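An overview of the molecular structure
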Amino acid sequence: MAALRFQERNRYFERLFTDPELLWMGQNTNHLPTPPAVKAAMIRAIEEEEYHKYCPPCGLGELHGLVLQDLGLDGLAVLVTDGGTEALYQRSRELLEPGDEFVTTDPGYLVTNNFARTRGATVIGLPVYRPEQAYRLTPEQLAGAVTPRTKVIYLVDPLNPLGISYDEATMRAFCEVARKAGAYLIHDCTYRDFADAHQLAARFYPERTFTIYSFSKSCGFAGLRLGAVVAVPALVERLTVAQVNNVGSNVVSQRGAIAALRTKAEWFPALFALERRHQAMIKEAVEAVPGCVAPVYPSQANLLAVDVSRAGVHPEAICTALLEQHHILARHAGYHTERFADRFFRVGTTVPTAWVERFCAVFPKVIEALIAVPQAAARARLF
Ligand SMILES: Cc1ncc(COP(=O)(O)O)c(C=O)c1O
């Protein structure tokens, strides 16, 4: 019997996961060494076999305090989740009903849009891949899209896949639009640490904002599956009525996360500086190729988008060639948008410098080889 799509997809990712040669630059994950104190905390939790017990359902109290301190927020409640993804799922499940509208950007983070659709909501993706608006959502665009049926505004900021972020005036304006519409604002701040300055909607619209927090990117915990949602206590109470993970998140991950946040001031500045150096290297290499440009620079997330719409090569063809010929995983725009799928791809930057150098060396050759074979430069399907 032919494999079903979920089986094919899993096989595809398992092949990637188990490939020791693969340069993992396609999921904005962080592959730089873990600070020793963080590793030690996780090893201690394993050696003491703490994992025999379930953790408290909303997470360890010390971690709550550290997350709030990291965000600079107080008076709010924290619910620790198995990654930001669980937090996003739970929000959609609790907030949305058939007929509701869910307003977000296009490109955006499509997993969350799918969660909304499964609740019967209509997803409205506002186009932002436009140089004339600096690849950002504008308050006017948002105000023009909300209707009495708008239940949720989902703002990924900094935005995966483009790396744009918003200033205080714009964030206040978004909050005003949400308040007038009586809508919930899901502010997905997964990439917040990589922004020069970041404005939390929770400061301006605390009563209906859910702040989504992840340990996957700056802390490098993607495979440890840890995140959180922060909101006023009454909203968190509502989310815990039918909580997905009613027996708490992974204790090893939480011990590591506590150590990571306690020591963040010691290790994060060097990581940030390295990430920006990598962005500069990638920008220089891609812009040396005719028709290629990094439209958002510096990116405010640990990724750089590369526009190839004038290079005569489809982004999917580039990602296929990078993977199959050079063992480099990058992500084409089709993961984030149908409308702009032929415009760009993105590459992760929190990786060893040798990976960035390799990407920079092979990229011009990949484009040159694809242009030489027009059928190859057209679209090719990956997952
Ligand atoms: C915008 C956005 N939100 C959430 C996530 C998921 O994060 P987590 O690993 O914490 O589930 C990602 C992962 O790439 C993301 O890009």
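Residues numbered from 1 in each chain as written. Predicted model: local features only at pLDDT ≥ 70, side-chain atom pairs only at ≥ 80, totals over all residues.

Let's shift gears to the domain arrangement of the chain. Along its sequence, the chain is carved into domain 1 (5-30 + 265-377) and domain 2 (36-262). Distance between the C-alpha centres of domain 1 and domain 2: 25 Å. Every contact between the two is made by 23 residues of domain 1 and, on the other side, 25 residues of domain 2. Every element with two or more residues in the side of domain 1 that touches domain 2 is listed here: helix H11 (264-287) and strand S9 (303-307). Residues belonging to the side of domain 1 that touches domain 2 are distributed by class as follows: eleven nonpolar, eight polar and four charged. (Domains from an automatic or database assignment. Contact = placed C-beta atoms within 7 Å. Helix = DSSP H or I, 4+ residues; strand = E, 2+ residues; numbered from the N terminus. Nonpolar A, V, L, I, M, F, W, Y, C, P; charged D, E, K, R; others polar.)

In this section: the pairing of strand S2 (residues 77-81). With four of its five residues buried, S2 lies for the most part within the structure. As paired strands, S2 and strand S8 (residues 227-231) are joined by five bridges and run antiparallel to one another. When the sheet's bridge partners are listed, threonine 81 is paired in S8 with glycine 227. (Buried ≥ 20, exposed ≤ 12 C-beta atoms within 10 Å, placed from the backbone. Pairing = 2+ DSSP bridges.)

Attention shifts here to the site of the ligand. In the region of the ligand, 14 residues are neighbours, and Gly83, Gly84, Thr85, Ser214 and Ser216 sit closest. At three residues, the largest contribution of residues to the shell around the ligand is made by helix H4 (residues 83-95). For the shell around the ligand, a count of residues per class yields three nonpolar, ten polar and one charged. (Near = placed C-beta within 6 Å.)

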